[in-house]
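Overview (structure and organization)
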Amino acid sequence: MLDSVLNPETPSSLRRRLWVVGAACLGLGLSLAGCVEDDDGDTGGDDTFRERVIGVGYCPPELCGSNSDIGGAFSFDSRSVDANANMIFVTAITPEGDEAVIRVLRDRLELQVGDNPPLQNDEIVGSQLVFDHVEDGVATGERTIIHVDGFQLDAVETWSSPKAQYSTYTFTFRDSDEPEEDRKPLCAEYPWPDSFGLDNLDSTAGLLVQSESYDWYGRAIENVEDPFDWATLGCMGGAYAKKVLMGYDPHHPGTPGEEGKPDLQQNEVMMRMLTARYCEGENHTDPGTPLYWQNEWGWNNFDDTEVELEALWTPDGVACLNTPRLVDRAAVEADCGTLPTCDDFDAADYHMASYRVL
């Protein structure tokens, strides 16, 4: 079922489209969070291939659904209580083959068997996460297994200030009826440009973050009363990982809502801004579209690139919109209805402003 997803003979129109930081971003991987290239992940072409992009790699279709705009991550309830749209977590298997209880504590995965001390860090390499496919709330009998192949402690630092460090993982996946030798990388290898300064960071790595719940399209999963037991997995180049590495993470140091510590609503603002989801409709951007942003705390110092205000953002979308970063305004208003321009709005009243490059 997944061969077509990763088939190297896939036509060029369907090959993965990668989010990369352009030269105008002046070393985003090192320090500057003010300039990014946004991400919608639409692969285009023949949808029957169901090719998906998860960050700089692929995502199996049963995790990601049909071909559409993406947020670049998927979330699961580690207690096996709630399901996202397509999957429900079933169990974890230790490297020794024992079923285990799973916990995600901030950015660390732990596995525990009985009263034994939990397996942590390198001890979890070789473990498996098993997911049932779900359709209309009912398990279909098909399963996907994600293998934990690597772990690196505190491998990457946030691109914004204040700084925080995150551990990274490498994953492969297979359908349960496929042999282990047919495992495919969840995040495809990508050579970082020299300007990134990321020679020591594995491009096939992913983040695993506690207490957030987003679907594949970058939308917060509804009806999650307590996200504590949820975890989100995203590849390094995806929109979700970008959000986290720009300092938008529930575990970032500080008091929620105060300077340096975005709260859950402000995290949602960032996700919407990155994916150009101006309303409750579609995402209106392509990978590689240059974008600058600023928050109410003034985290970013812009270079001399000429920009103009695109939009002011709320957790529900934009409060106002000038010229969209990529598509025609008519296309956005066909999706969202009439939107005001920002002429009569004060940016100081909003947490986030985005800027398009002229």
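Residues numbered from 1 in each chain as written. Predicted model: local features only at pLDDT ≥ 70, side-chain atom pairs only at ≥ 80, totals over all residues. Heavy atoms only, no water.

1. Some details on the state of the cysteines
Enumeration over the complete set of coordinates arrives at two disulfides. The disulfide partner of Cys279 is Cys336, and the S-S distance across this bridge is 2.1 Å. One quick way to see it: the torsion about the S-S bond of Cys279 and Cys336 is about -75°, and its sign makes the bridge left-handed. Here Cys279 is found in the loop between helix 4 (264–275) and strand 14 (290–295), whereas its partner Cys336 is found in helix 5 (residues 329–336), with 57 residues between them in sequence. The disulfide partner of Cys320 is Cys342, and the gap between their sulfur atoms is 2.1 Å. Classification of the bridge connecting Cys320 and Cys342 rests on its S-S torsion, roughly 100°, and on that basis the disulfide is right-handed. With Cys320 in strand 16 (residues 317–321) and Cys342 in the loop between helix 5 and strand 17 (352–357), this residue pair connects regions lying 22 residues apart in the sequence. Judged on exposure class, the residue Cys320 and its partner Cys342 are both buried. (Disulfide = S-S within 2.5 Å. Helix = DSSP H or I, 4+ residues; strand = E, 2+ residues; numbered from the N terminus. Buried < 20%, exposed > 50% of the residue type's maximum accessible area, 1.4 Å probe, protein only.)

2. Quick look at the environment of Phe302
Mapping Phe302 onto the fold places it in the loop between strand 14 and strand 15 (307–314). Given the relative accessible area of 31%, Phe302 is considered partly exposed. The spatial distance from the C-alpha of Phe302 to the C-alpha of Tyr292 is 8.0 Å, given a sequence separation of 10 residues.

3. Remarks on helix 4
With 12 residues, helix 4 ought to run about 16 Å at 1.5 Å a step, and its terminal C-alpha atoms sit 17 Å apart, in line with that. With 10 of its 12 residues buried, helix 4 lies for the most part within the structure. When helix 4 is considered as a whole, its buried residues turn out to be Gln266, Asn267, Glu268, Val269, Met270, Met271, Arg272, Met273, Leu274 and Thr275. Sitting at the amino-terminal end of helix 4 is Asp263, which places a side-chain oxygen 3.2 Å from the backbone nitrogen of Gln265. (Expected span 1.5 Å × (residues − 1). Polar contact = N/O pair within 3.5 Å; in protein donor to acceptor, adjacent residues only side chain to side chain.)

4. Overview of the pattern of salt bridges
Within the structure shown, the criterion is met by 18 salt bridges. Between Glu178 and Lys184 there is a salt bridge, and its shortest N-O distance comes to 3.7 Å. Accessibility expressed as a relative area gives 13% for Glu178, which makes it buried. Among the residues examined, Lys184 registers a relative accessible area of 9% and is labelled buried. One salt bridge connects Glu280 with Arg277, and the closest N-O pair in it is separated by 3.6 Å. Beyond isolated ion pairs, a larger network of salt bridges with shared partners links Arg106, Asp107, Arg108 and Asp154. (Salt bridge = Lys/Arg side-chain N within 4 Å of Asp/Glu carboxyl O.)

5. So, the pairing of strand 15
Sheet analysis places strand 15 next to strand 17, joined by six bridges and oriented antiparallel. Bridge pairing links Leu312 to Ala353 in strand 17. Bridge count between strand 15 and strand 16: four bridges; the pairing is antiparallel. Each residue of the ladder has a partner; that of Trp313, found in strand 16, is Val318. (Pairing = 2+ DSSP bridges.)

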